[in-house]
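Breakdown of the fold
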Amino acid sequence: MDLRPLDHTTSVAPQLEPEDMAALAQDGVTTIICNRPDAEIPPSHQAAAMQAAAEAAGMAFTFNPIAMPNLTMDAVEEQADAIAGAEGRVVAYCASGTRSAVLWALSMAGKMPADDILASTARAGYQLGGLKSQIEALEAQQ
């Protein structure tokens, strides 16, 4: 399991395993967000299986699949709502963690300066500098 913190409550990760859920719950994670479409993975790792494992470990589960470049503001808002509604730490995952980091970065627009958002993603290993103008545009809309 490769958790990459973005802030004090939210981490992103490459594909998780169903067996990871108990350890995540023991570590204080309360919410899992899956950003990986079922079409990309075998049934053993699709949302229903991951949700069952997360809920068995006592965690909430949100399925918010993203297939780039079909990213929508609805998906950004769903991610933001899942993070805001969590009662503890959150882990969002996809194939590499990149989509989850992108969703987090866009959902933080207006809550943190764009440079701080991008510094957080860079520390986690995701170079998302190309999103700066989008983050700033979202910030200006708020």
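As a starting point, this report considers the structure included with it. (Residues numbered from 1 in each chain as written. Predicted model: local features only at pLDDT ≥ 70, side-chain atom pairs only at ≥ 80, totals over all residues. Heavy atoms only, no water.)

1. Details of the state of the cysteines
Per the stated rule, a full pass over the model turns up zero disulfides. The cysteine Cys34 is free of any disulfide, with Cys94 supplying the nearest cysteine sulfur at 8.6 Å. Of the residues examined, Cys94 reaches a relative accessible area of 1% and is grouped as buried. (Disulfide = S-S within 2.5 Å. Buried < 20%, exposed > 50% of the residue type's maximum accessible area, 1.4 Å probe, protein only.)

2. Focus: helix H5 (residues 114–123)
Every buried residue of H5 is accounted for by Ala114, Ile117, Leu118, Ser120 and Thr121. End-on, the buried residues of H5 take up no more than an arc of 155°, which puts them together on one face. Positioned one or two residues after H5, Gly125 has a phi angle of 100°, which is positive. (Helix = DSSP H or I, 4+ residues; strand = E, 2+ residues; numbered from the N terminus. Arc of directions from axis to C-beta.)

3. Quick look at the pairing of strand E4 (residues 60–63)
It is a general feature of regular strands that their side chains alternate between the two faces of the sheet. As paired strands, strand E3 (residues 29–34) and E4 are joined by four bridges and run parallel to one another. Of the residues in E4, the one forming a bridge with Thr31 is Ala60. One crossover worth recording links E3 to the parallel E4 by way of helix H2 (residues 47–56), and it is right-handed. (Pairing = 2+ DSSP bridges. Right-handed = clockwise from strand over helix to strand, strands pointing away.)

4. Points about the nonpolar core
Ranked by internal contacts, the top residues of the largest apolar core, which has 28 residues, are Trp104, Leu128 and Ile135. The set of elements that each furnish at least two residues to this core consists of helix H3 (73–84), strand E5 (89–93), helix H4 (98–107), H5 and helix H6 (132–141). It is H4 that contributes the most residues to this core, six residues altogether. Residues in contact with Leu128, not counting those within four places in the same chain, are Thr98, Ala101, Val102, Leu118 and Thr121. (Core = buried A, V, L, I, M, F, W, Y, C linked by side-chain atoms within 4.5 Å. Contact = heavy atoms within 4.5 Å.)

5. What about H2?
Ala47, Met50, Ala53 and Ala54 are the residues of H2 that are buried. The arc that holds every buried residue of H2, seen down its axis, measures 135°, which confines them to one face. Structural note: H2 exposes Ala48 and Ala56 on the side pointing more than 90 degrees away from its buried face. On the buried face of H2, the contacting elements are helix H1 (20–26), E3, E4 and E5.

6. As for the pattern of salt bridges
Applying the stated rule across the entire model yields five salt bridges. Salt-bridge contacts for Arg4 lead to Asp2; the nearest nitrogen and oxygen are separated by 2.7 Å. The class for Arg4 is partly exposed, based on a relative accessible area of 23%. Residue Arg99 is joined to Glu40 by a salt bridge in which the shortest nitrogen-to-oxygen separation is 2.7 Å. Of this pair, Arg99 sits in helix H4 while Glu40 sits in the loop between E3 and H2, and the two are 59 residues apart along the sequence. Accessibility expressed as a relative area gives 12% for Arg99, which makes it buried. The exposure class of Glu40 is partly exposed, given its relative accessible area of 36%. Salt bridges linked by common partners bring Arg36, Glu40 and Arg99 together as one network. (Salt bridge = Lys/Arg side-chain N within 4 Å of Asp/Glu carboxyl O.)

7. Digging into the packing of H3 against H4
It is at 9 Å that the axes of H3 and H4 come closest, and there the two elements cross at 85°. The orientation of H3 with respect to H4, classified from their angle, is roughly perpendicular. Seen from H3, the contacting residues are Ala75, Val76, Gln79, Ala80 and Ile83; seen from H4, they are Ser100, Leu103, Trp104, Leu106 and Ser107. Split into classes, the residues belonging to the contact of H3 with H4 amount to seven nonpolar, three polar and no charged. (Axes fitted to C-alpha atoms, helices over the stretch in contact; angles between N-to-C directions. Parallel < 35°, antiparallel > 145°, perpendicular 65-115°, else oblique. Nonpolar A, V, L, I, M, F, W, Y, C, P; charged D, E, K, R; others polar.)

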